[in-house]
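Examination of the molecular architecture
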Amino acid sequence: MAKLEIHQFPCLADNYGVLLHDADAGLTASIDAPDADAVHRALSEKGWTLTHILTTHHHADHTGGNEALKASTGCTIIGPMAEAERIPAMDRGVGEGESFQFGSAQVHVLDTPGHTAGHIAYWIPAHATAFVGDTLFAMGCGRVLEGNYQTMWASLAKLVRLPAATRLYCGHEYTVANGQFGLRVEPGNTALKARLDEVEALRAAGKPTLPTRLDRELETNVFLRTRSPEIRRRLGLATAEDWQVFGAVRDLKNKG
Ligand code: ZN
Ligand code: FE
């Protein structure tokens, strides 16, 4: 299996940029383009030339660099078909069930609507890696802005079904605040408590808490833990559907 290098870097207030590089094929993709200058700096640091942008959703903090990067590099911009009119300079729309070749890697597209109506994730099974944008965060999930709780829950459930060892790259560094919230919802979760200590130490040292891994999320992400008896008891939702438990947790988080 050919090597695929991944370089993550912070940009804007709390976004992450990610570059994906296949040296043999001479290809470099930016996962989203929060900020053209930051992407250019990361590219020149690595000595890579941008060939693609893989967009997860239309929000400006994920597409703000599209036009400038396309103008300076001529890169091909791939993004969610359903948001084609809202994504600047997009060349090719993709959706659920499609896959495309990036160098030696097969990239699978998953529709993950809810944060936005057309949000997609990119999954590379051969490298046990997925780029999930603003659908899932470490110990958190995106706000449900263009869907309902059933839609968003179905998207999260789709990510949960990926192999447990899948590395997840997310759009934002919200981990500490998410962990603090999670502990309020499920105070008896010792894995969550331990992880919060760990990510607080990482942030104090100026280090990223991402990428995360699906198995760690299953243990510590209260938005995914709809089967937790403690969470259900505290919310008074012992017999509710999973999506309803998810919705109640999301409501609580929205109230801050
Ligand atoms: Zn967003
Ligand atoms: Fe975002």
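Quick caveat, the model's predicted, so the values are computed rather than measured.

A word on the coordination of the iron ion (ligand 2). Protein-derived ligands of the iron ion (ligand 2) are Asp61 (OD), His62 (NE2), Asp134 (OD) and His172 (NE2), with the metal-ligand distances lying across 2.1 to 2.3 Å. Taken together, the four donor atoms coordinating the iron ion (ligand 2) span angles of 84 to 171° at the metal, a pattern that classifies the geometry as irregular. Look at where the donors of the iron ion (ligand 2) fall in the sequence and you get D-H-x71-D-x37-H. A distance of 3.1 Å spans the gap from the iron ion (ligand 2) to the zinc ion (ligand 1), which Asp134 bridges by coordinating each metal.

The next thing to look at is the environment of Glu83. Relative to the elements of secondary structure, Glu83 occurs in the loop between β5 (76-80) and β6 (92-94). A relative accessible area of 2% places Glu83 in the buried class. The spatial distance from the C-alpha of Glu83 to the C-alpha of Ser30 is 18 Å, given a sequence separation of 53 residues. Beyond its immediate stretch of four places on either side in the chain, Glu83 contacts His57, His58, Thr116, Ala117, Gly118, His119 and Glu146. Within the local environment of Glu83, its side chain forms a polar contact with the backbone nitrogen of His58, the two atoms lying 2.8 Å apart.

Turning our attention to the coordination of the zinc ion (ligand 1). Taken together, His57 (NE2), His59 (ND1), His115 (NE2) and Asp134 (OD) make up the full set of protein donors to the zinc ion (ligand 1), lying 2.2 to 2.3 Å away. Taken together, the four donor atoms surrounding the zinc ion (ligand 1) define angles of 86 to 175° at the centre, an arrangement classified as irregular. Of the residues examined, His57 reaches a relative accessible area of 0% and is grouped as buried. Classification of His59 by relative accessible area gives buried; the value is 17%.

Moving on: the sheet that holds strand β4 (residues 52-54). Two pairing modes exist for strands in a sheet, parallel and antiparallel, and in both the strands are linked by backbone hydrogen bonds. Taken in spatial order, the six strands make up an open sheet running β1-β2-β3-β4-β5-β6, and their pairing is mixed. The sheet terminates laterally at β1 (5-11) and β6, the two strands that pair on one side only. Between one strand axis and the next, the sheet turns through 25° on average, direction left out of account. Sitting on the sheet, helix α1 (residues 36-46) touches β1, β2 (15-22) and β3 (27-31), and the angle it makes with β1 is about 140°.

So, about the sheet that holds strand β8 (residues 105-111). Spatially, the six strands line up as an open sheet ordered β7-β8-β9-β10-β13-β14, and their pairing is mixed. Looking at the sheet topology across the chains shown, the edges are occupied by β7 (99-102) and β14 (212-213). Two elements, strand β9 (residues 120-124) and strand β10 (residues 129-133), share three bridges in a ladder whose sense is antiparallel. Within the sheet, the bridge partner assigned to Trp123 lies in β10 and is Ala130. Against the sheet, helix α4 (residues 149-160) touches β8, β9 and β10, its axis set at about 150° to β8.

Analysis parameters
- Starting afresh in each chain, residues are numbered from 1 along the sequence in its written order.
- As they are written, the chains are lettered A onward and the ligands numbered 1 onward, keeping that order.
- This being a predicted model, a pLDDT of at least 70 is required before a residue's local features are given, and a value of 80 or more before pairs of side-chain atoms are given or counted; all residues contribute to the totals for chains, interfaces and linings.
- Hydrogens and waters are ignored; side-chain quantities use all the structure's heavy atoms.
- With water excluded from the atoms, a metal site may look incomplete; its donors are any N, O or S atoms within 2.8 Å, or within 3.2 Å for Na, K and Ca.
- Under the classification used here, a metal with four donors is tetrahedral if each angle lies between 85 and 135 degrees, square planar if opposite donors are over 155 degrees apart and the others between 65 and 115, a six-donor metal meeting that same test is octahedral, and anything else is irregular.
- A helix here means a DSSP run of H or I that spans at least four residues, while a strand means a run of E at least two residues long, and both kinds are numbered starting from the N terminus.
- Relative accessibility under 20% of the residue-type maximum defines a buried residue, over 50% an exposed one, and the middle range a partly exposed one, all with a 1.4 Å probe and only protein chains included.
- Only heavy atoms enter the contact rule, under which two residues are in contact if any of them lie within 4.5 Å.
- Here a polar contact means two N or O atoms within 3.5 Å. Within protein one must be a hydrogen donor candidate and the other an acceptor candidate, and residues neighboring in sequence count only if both atoms are side-chain atoms.
- A pair of strands is considered paired only if DSSP assigns at least 2 bridges between the two.
- Here an angle of 0 to 180 degrees is reported between the N-to-C directions of two axes, which are lines fitted to C-alpha atoms, with helices fitted over the stretch in contact.

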